[in-house]
Amino acid sequence: MELPKRYEPKESEKKWADFWDKEDIFTFKEEELNENKEIYSIDTPPPTVSGKMHIGHASSYSQGDMIVRYHRMTGKTIFYPFGTDDNGLPTEKLVEKTKKVKSTRMERSEFVELCENTIKEIKPEFTSDWIKLGISANYKNSYSTIDKHSMKTSQKSFIELFKKGRIYEQESPMSWCPKCQTAIAQAEFENVDMTSHFSDIAFKHKDQDLIIATTRPEMIPACVALFAHPEDERYKNLKGKFATVPLFNYEVPILFDEAVAMDKGTGLMMVCTFGDKEDVEKWHKYKLPLKTVFTKDGKLNSEAGKYEGLQIKEARKEILNDLKNENLLLKQKDIVHAVNVHERCGTEVEILKTKQWFIKVLDKKQELIEAADKIKWRPEFMKKRYVHWVENLQWDWCISRQRHFGIPFPVWRSKKTGEIILAEETQLPVDPIKNEPKTLPSDHNSSDIIPETDVMDTWATSSLTPQIALNWAENSENFKKIYPETIRLQAHDIIRTWAFYTITKGIFHHNEIPWKQIMISGFVLDPKGNKMSKSKGNTISPQEVRENYSSDAIRYWAAGTKLGEDIPYQEKDVQTGKKTINKIFNASKFAIMNLENHTPKEINKTELEIMDKWLLSKLQKTIKLATQGFEEYEYSRAKHETDKFFWQKFCDNYLEFIKHRTYGEDQEQTAEHRTQNPSKLAAQTTLYNALLTQIKLFAPIMPFITEEIYQMYFKEYEKTTSIHITNWPKYNSELIDEESEIIGDLAVEINSEVRKYKSENKLSLKEELEKITIECTKEQQEQIQKIEKDLKKVGNIQKIEYKEEKELKINF
């Protein structure tokens, strides 16, 4: 057999990715549901197609895929769909940037068509990064969160929850992004530390200064009241009084509420409409007037007088200057404080009173917390993040967005009565701008209805990935057989969004958790342990890493950290992966060359020599530990144990010990005699089984090199199309041999001392030694004598003598 001189990962990885696709190795087939096999179903995270794979994707998806590949090899039916998140704001931003357009300056239908065409253009190249990384999902039945099927699923969800009374429309204070000009949900906030000023500003009650401290002086024209604590002696005399608002010279009431912190600032609180959640609560509670000073695009309006038309930060600067000139700015100090920004664009979040659609969640917080107890969280500590998020929810889930590109609400309104008209499920998917309801209310015609123009938030659809993948909208048998799914794969940054929203939809629609387990990965940090960001210039391109090292090397690196832990990107770890790949290839080449003319057979322990038994016994323990690792989702432990066995037991020692048996000592004999040599046959049987087992153990982590070795030799004998659908190695207790392990360990220790001696004395490892003396116990001497021939051959030693001592020592 002619073997390649070296392993070429670029060629090999493409070859095997194409092979898996052609042979449908990872394609889910409907008939598998009827094979009475356990189903392992995965709720796969659909990456946002508006970007490209980043190093965090590469790590997180690889870690999840290792677990999936393991379960596939245990014989389970794998349901592992691949989807892309093409919905909403990220796609709009991408299209606006790449096509140099603005959605607000285009007809909605024209912009939506441009978005759909752009997705079709970029999706194949985007998806190819996941294929090249070896993510073993079913790409032939993928979904998009904006396609007709997802639209139907999302609209069905809306209609069902509306009918259950869980959806309502309301004009109320809502978080708003001035840059994106849309409402956003609490889960889309990101806390960012910003530098600012804490300014002491004087309101007036007659001649008395009433000092409030604020970071938002631009909100002064929106002030509707001042508040103090009812027990605050400084302000008790002001009950029922009014204060004059600086610069704007109108009066607001001075009110009292026990929620006001007496020790915060001056103890006086300015309530505006709206600076924060506390403003909203007091506005509701005390039925205060509404003074909106911000426009939807982040400018001040006519309520702000001469500041009308200024951007928020410009107005802040101008108002502070005028306060200073009027001697109303009494003191300032620099601060750093946490500010809510929109995670999509980094713009500071405002609160505007707008009409939005909501899903009620606040009344079900306890039920949603209890749902977490029914799910196995991997790692367990991630559950606390979910629970903490739900406990601290302050808003119902806003699901409407003021955008062009998204899934339409299946809703019209009556001009006459204002009543909501729902689409019928039989007409889904539907676009109310283009279509009419199947049934109009009595006394209505087409001109009497108004279509809803808002679209759904992308999470309103992404929260339905199990229902989308399992065809819930079509009442599919798959949904009934598979839901709840086995596991959700995701990173920890979207626990508050994707995990929470999917659990919510599962409970609200089916009174059932969406999956039995959730596997949560950590972040990838830069080499110094800092969070990566484009603005810092510390991002790592997985495409470049793959080009320089290989996909298997990336996956090897990703397997090096525990699940849920943040992982610094260290190039040396990827280099170690590349080194391991080359070692697997070269060790396999050596083994395959020495397996020439060998016919694989079952292991018969009585035919084996001590070093064979030593290796196979150690291998059984490695199988057990690696299997436990994968079963417990500790892929890093599985990798560590397999790595350790491969390098320390197999390559460094066993291959060296058997060289004389597989060829060396029999060079003078005929080929026929060498083939029939029992010692050689035992070594070959051990070699075949040990190498095949090891590439199976490595397969979930490094799928390409292991497929290369399998196809290069083992497929001819094993007959299975791909290593990734062969059987996972099983622990065989009959091959455990503690006595052989003790003797083999002695052999390894002695040979290590011989190597060390030769190295320290600058001798070739092939240099012959005339004699060594082994100091040891009598029992150890008897053990060593059983493998004396192997020691002489591997160390090129003419004679071994023994001296009885309590401690093992080698003298040269």
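The structure we're discussing is the one just above.
Notes on the structure follow. Just so you know, these numbers come straight off a predicted model, no measurement behind them. Starting afresh in each chain, residues are numbered from 1 along the sequence in its written order. In view of the model being predicted, local features appear only for residues whose pLDDT reaches at least 70, and side-chain atom pairs are presented and counted only at 80 or more, with totals across whole chains, interfaces and linings using the full set of residues. Side-chain metrics rest on all non-hydrogen atoms present in the structure, leaving aside hydrogens and water.

With their axes 9 Å apart at the nearest point, helix H22 (residues 738-760) and helix H23 (residues 778-785) run at an angle of 85 degrees to one another. Relative to H23, the element H22 lies roughly perpendicular. For the pair H22 and H23, contact is made by Glu739, Ile742, Ile743, Leu746 and Ile750 and by Gln780, Gln783 and Ile784, respectively. Lys, Arg, Asp and Glu make up the charged group, whereas Ala, Val, Leu, Ile, Met, Phe, Trp, Tyr, Cys and Pro make up the nonpolar group; the residues left over, Gly among them, are polar. The residue makeup of the contact of H22 with H23, split by class, is five nonpolar, two polar and one charged. Each axis is a line fitted through C-alpha atoms, and for a helix only the stretch in contact is used; angles between axes span 0 to 180 degrees, taken between their N-to-C directions. The helix count covers DSSP runs of H or I at least four residues long, the strand count covers runs of E at least two residues long, and both are numbered beginning at the N terminus. In these notes the angle categories are as follows: under 35 degrees is roughly parallel, over 145 is roughly antiparallel, 65 to 115 is roughly perpendicular, and the rest is oblique. Contacts between residues were defined by any pair of non-hydrogen atoms, one from each residue, lying within 4.5 Å.

Another aspect to go through is helix H21 (residues 703-718). End to end, H21 covers just 17 Å across 16 residues, shorter than the expected 22 Å (1.5 Å per residue, more than 12% under). Bend is the name given here to the angle between axes fitted to two runs of seven residues, the run ending at a residue and the run starting at it. Where H21 bends most, at glutamine 711, the angle is about 55 degrees. The element H21 is largely enclosed, with a buried count of twelve among its 16 residues. Check the buried side of H21 and you find it contacts helix H1 (9-22), helix H2 (55-73), helix H4 (108-132), helix H15 (551-558), helix H16 (571-593) and helix H20 (678-698). Two residues or fewer after H21 comes lysine 719, characterised by a positive phi angle close to 75 degrees. What a helix is expected to span follows from its residue count: subtract one and scale by 1.5 Å. In this scheme, a residue with accessible area under 20% of its type's maximum is buried, one over 50% is exposed, and one in between is partly exposed, where area comes from a 1.4 Å probe on protein chains only.

It is worth spelling out the pairing of strand E12 (residues 269-272) at this point. The two faces of the sheet receive side chains in turn, since in a regular strand these alternate between them. Residues of E12 alternate between two faces, with Met269 and Val271 on one and Met270 and Cys272 on the opposite face, all of them buried. Two strands form a pair only when DSSP identifies at least two bridges running between them. With four bridges connecting them, strand E9 (residues 223-228) and E12 associate as antiparallel partners. The residue of E12 that forms the bridge with leucine 226 is methionine 270.

The subject of this paragraph is the sheet that holds strand E20 (residues 449-451). The strand order E19-E18-E20 describes an open sheet built from three strands, whose pairing is antiparallel. Across the chains shown, the open sheet's two edge strands, defined by having one partner strand only, are strand E19 (420-422) and E20. Looking at each pair of strands side by side, their axes are set apart by 35 degrees on average, direction ignored. Where strand E18 (residues 411-414) meets E19, three bridges bridge the pair, whose relative direction is antiparallel. From the neighbouring strand, valine 411 faces E19, where its bridge partner is leucine 422. Lying over the sheet, helix H5 (residues 148-163) contacts E18 and E19, oriented at roughly 130 degrees with respect to E19.

All right, on to the packing of aromatic side chains then. Geometrically, a pair of aromatic rings is defined through the distance of the ring centres and the angle of the planes. Here a Phe, Tyr or Trp ring, Trp counted by its six-membered ring, pairs with any other such ring whose centre lies within 6.5 Å, and the pair is stacked when the planes are under 30 degrees apart, edge-to-face when over 60, and tilted otherwise. Within this structure, the stated rule accounts for 38 aromatic pairs. Relative to tryptophan 130, the ring of phenylalanine 126 lies with its centre 4.8 Å away and its plane at 45 degrees, an arrangement referred to as tilted. Of the two residues, phenylalanine 126 and tryptophan 130 are both situated in helix H4; the distance of four residues between them amounts to about one turn of the helix. One exposure class covers both phenylalanine 126 and tryptophan 130, and it is buried. Considering the side-chain rings of tyrosine 688 and tyrosine 713, the 5.9 Å spacing of their centres and the 65 degrees angle between planes classify their relative orientation as edge-to-face. Taken together, the residues span a long stretch of sequence, with tyrosine 688 in helix H20 and tyrosine 713 in helix H21 at a distance of 25 residues. By the ring-pair criterion, three or more aromatic residues cluster together here, those being Trp377, Tyr386, Trp397, Trp459, Phe500 and Tyr501. If you follow lysine 282 out to its NZ or CZ, it ends over the ring of phenylalanine 227, 5.8 Å from the centre. Lysine NZ or arginine CZ positioned within 6 Å of the ring centre and within 35 degrees of the ring normal marks a charge as sitting over the ring. For lysine 639, the ring lying beneath its charged end belongs to tyrosine 556, and the centroid distance is 3.9 Å.

Before going further, it helps to examine the packing of H5 against helix H13 (residues 495-510). Between H5 and H13, the least distance of the axes is 10 Å, while the angle of their chain directions is 60 degrees. It follows from the interaxial angle that H5 and H13 lie oblique. The crossing of H5 and H13 is left-handed. Between H5, through Ser157, Glu160 and Leu161, and H13, the contact on the second element is made entirely by Lys505, Phe508 and His509. The crossing is said to be left-handed when, going from far helix to near helix, the turn is anticlockwise and less than a right angle, and right-handed when the turn is clockwise.

A separate point is the sheet that holds strand E27 (residues 797-804). With mixed pairing, the three strands of this open sheet are ordered in space as E27-E26-E28. The strands lining the two open edges of the sheet, one partner per strand, are E27 and strand E28 (809-811). Here the strands of the sheet are splayed against their neighbours by 25 degrees on average, with no regard to which way each runs. Here strand E26 (residues 769-776) pairs with E27 via seven bridges, running parallel. Bridge pairing in E27 links isoleucine 772 to isoleucine 800. Along the sheet, H23 contacts E26 and E27; its crossing angle with E26, the most-contacted strand, is approximately 140 degrees.

Time to look at the nonpolar core. Counting 169 residues, the largest nonpolar core has Phe158, Tyr386 and Phe650 as the members making the most contacts within it. Each residue touching tyrosine 386, except ones within four places of it in the same chain, is listed here: Leu368, Ile369, Ala372, Trp377, Ile495, Phe500 and Ile503. To form a nonpolar core, buried Ala, Val, Leu, Ile, Met, Phe, Trp, Tyr and Cys residues must be joined to one another through side-chain atoms within 4.5 Å. Judged by nonpolar contacts, the second largest core, of 41 residues, contains Ile212, Met219, Phe248 and Val293.

Take the pattern of salt bridges next. Each salt bridge in this description consists of a side-chain nitrogen of Lys or Arg and a carboxyl oxygen of Asp or Glu lying within 4 Å of one another. This model, assessed by the stated rule, comprises 52 salt bridges. For aspartate 363, the salt bridge goes to arginine 166, with nearest N and O atoms at 2.5 Å. Highlighted residues: aspartate 363 in the loop between strand E14 (350-359) and helix H8 (365-373) and arginine 166 in the loop between H5 and strand E5 (167-177), separated in sequence by 197 residues. For aspartate 363, a relative accessible area of 51% puts it in the exposed group. With relative accessibility at 10%, the residue arginine 166 sits in the buried group. Look at the salt bridges and you will find they share partners, linking Lys618, Lys621, Glu738, Glu741 and Asp745 into a network.

Cis geometry marks the peptide bond from threonine 273 to phenylalanine 274, where omega comes out at 0 degrees. Examined against the element boundaries, phenylalanine 274 turns out to sit in the loop between E12 and helix H6 (277-285). Across the junction of leucine 428 and proline 429, the peptide omega takes the value -5 degrees, indicating a cis bond. In this structure, proline 429 sits in the loop between E19 and E20. Of note, the phi angle at lysine 206 is positive, near 55 degrees, even though the residue is not glycine. With respect to the element layout, lysine 206 can be found in the loop between strand E7 (189-205) and strand E8 (208-214). Here lysine 719, not a glycine, exhibits a phi torsion of approximately 75 degrees, which is positive. Relative to the helices and strands, lysine 719 is located in the loop between H21 and H22.

Turning to helix H24 (residues 788-795), its buried residues number three or more, namely Glu788, Asp790, Leu791, Val794 and Gly795. Angularly, the buried residues of H24 cover 160 degrees about the axis, an arc narrow enough to put them on a single face. Turning to H24, the residues buried within the fold contact helix H17 (610-631), helix H18 (635-662), H22, H23 and E27. Positive backbone phi, approximately 55 degrees, marks asparagine 796, located one or two places after H24. Taking the helix axis as origin, the arc is that swept by the directions to the C-beta atoms.

Positionally, tryptophan 176 belongs in strand E5. The exposure class of tryptophan 176 is buried, given its relative accessible area of 1%. Those residues in contact with tryptophan 176 that sit more than four places away from it in its chain are Gln181, Thr182, Ala183, Ile184, Lys296, Val349, Glu350, Leu352, Thr354, Gln356 and Gln402.

Attention now goes to the pairing of E5. Where E5 lies against E14, ten bridges are found, and the strand directions are antiparallel. The residue of E14 that forms the bridge with serine 172 is threonine 354. Both E5 and strand E6 (residues 182-183) contribute to a ladder of two bridges, which runs antiparallel. Residue pairing in the sheet places tryptophan 176 in a bridge with alanine 183 of E6. Between E5 and the antiparallel strand that follows it, E6, lie four residues; glutamine 181 among them carries a positive phi value of about 55 degrees.

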